[in-house]
Amino acid sequence: MKKLVVGLVIGLVVGGGSIAIAQTTTTSADFCVKDNGKIRLTVDATCESGEELLTIEGAQGPPGLPGQDGTDGQDGIDGQDGQDGADGTNGVDGQDGTDGVDGMDGVSGYEIVTLAPEWGGGGFTRETTVLCPTGKKALSGGWDIPRIWHAQDDSDEFGFDDLETYPLADGSGWWFKFWGDWSGAVQPIPLYVVCADA
């Protein structure tokens, strides 16, 4: 059936092999009518030889009831998780800062030990050790050589040389060894050792 305008069949006249229809437009159906009065429905408004096309238009019917809602489709299958991306490259470690220089430890128990042995009276070689007090170590050593004058004419006849001077192996004192030569009396030659707590 084709949809046309809504119509109402008012009259139907058959004569001379033709049909006439008075109508108001609604919907219509096409039929083929044979000479013997048989009618058949045609869906494409085409009739065969010996037939005549008849279009019947009827009144528009009331709207049909709403159709039922269709069934909800099933949920689709979840897609597979994508592959994890590669880990990023680690950054370069920063260089460690240079450590500061440690300060020197303070010296405690500082003390100067003095010894003044009497040396002289012509050519001589003398040696001695100056020890620090118990529990202290020698840091350095030195001496004070006085100028020796001849008693009669004040001429300078003095000779002196240090042969060895160094700390003892265990650090407990200082070793001194001298050579001297002067004309005059025996004289004290002060020796000094700087000591501190071990």
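Attention here is on the structure that accompanies the text. Here the structure is a predicted model, which is why all the values come from computation and not from measurement.

Some words on the nonpolar core
Piece 1. With 13 residues, the main nonpolar core has Trp119, Val130, Phe176, Leu191 and Val193 as its most contacted residues.
Piece 2. Of all the secondary-structure elements, those providing two or more residues to this core are strand 8 (124-131), strand 11 (173-182) and strand 13 (191-197).
Piece 3. Residues contacting leucine 191, with those up to four places away along its chain left out, are Val113, Thr114, Leu115, Pro117, Trp119, Thr128, Val130, Gly142, Trp143, Phe176 and Phe178.

Overview of the sheet that holds strand 4 (residues 39-41)
Piece 1. Reading across the sheet, the 3 strands line up as 4-3-5 and stay open at both edges, with antiparallel pairing between neighbours. The sheet is open, and its two edges are formed by strand 4 and strand 5 (51-58), each paired on a single side. In this sheet, adjacent strand axes meet at a mean angle of 35° when their direction is disregarded.

Looking at unusual backbone geometry
Piece 1. Positive phi values are uncommon outside glycine, yet alanine 45 reaches one of about 55°.
Piece 2. Take alanine 45: it is sitting in the loop between strand 4 and strand 5.
Piece 3. The partly exposed category is assigned to alanine 45, whose relative accessible area is 26%.

Here we look at the state of the cysteines
Disulfides are covalent bonds that link the sulfur atoms of two cysteine residues.
Piece 1. Taken as a whole and judged by the stated rule, the model has 2 disulfides.
Piece 2. Through a disulfide, cysteine 132 is tied to cysteine 195; the S-S separation comes to 1.9 Å. Looking down the S-S bond of the cysteine 132 and cysteine 195 bridge, the torsion is -80°, so its handedness is left-handed. Residue cysteine 132 is located in the loop between strand 8 and strand 9 (136-143), and its partner cysteine 195 is located in strand 13; the two are separated by 63 residues in the primary sequence. We note that cysteine 132, like cysteine 195, is buried.
Piece 3. The connectivity of the disulfides in the protein chain is 1-2, 3-4, where the numbers refer to bonded cysteines in sequence order.

Some details on the sheet that holds strand 6 (residues 111-115)
Piece 1. Spatially, 3 strands are ordered 6-13-9 in an open sheet, and the strand pairing comes out antiparallel. The open sheet has two edge strands with one neighbour each: strand 6 and strand 9. Between one strand axis and the next, the sheet turns by 25° as a mean value, whatever way the strands run.
Piece 2. In the sheet, strand 6 pairs with strand 13 via 5 bridges, with the strands oriented antiparallel. Bridging across to strand 13, glutamate 111 finds its partner in cysteine 195.

Conventions used here
Residues numbered from 1 in each chain as written. Predicted model: local features only at pLDDT ≥ 70, side-chain atom pairs only at ≥ 80, totals over all residues. Heavy atoms only, no water. Core = buried A, V, L, I, M, F, W, Y, C linked by side-chain atoms within 4.5 Å. Buried < 20%, exposed > 50% of the residue type's maximum accessible area, 1.4 Å probe, protein only. Helix = DSSP H or I, 4+ residues; strand = E, 2+ residues; numbered from the N terminus. Contact = heavy atoms within 4.5 Å. Pairing = 2+ DSSP bridges. Axes fitted to C-alpha atoms, helices over the stretch in contact; angles between N-to-C directions. Disulfide = S-S within 2.5 Å.

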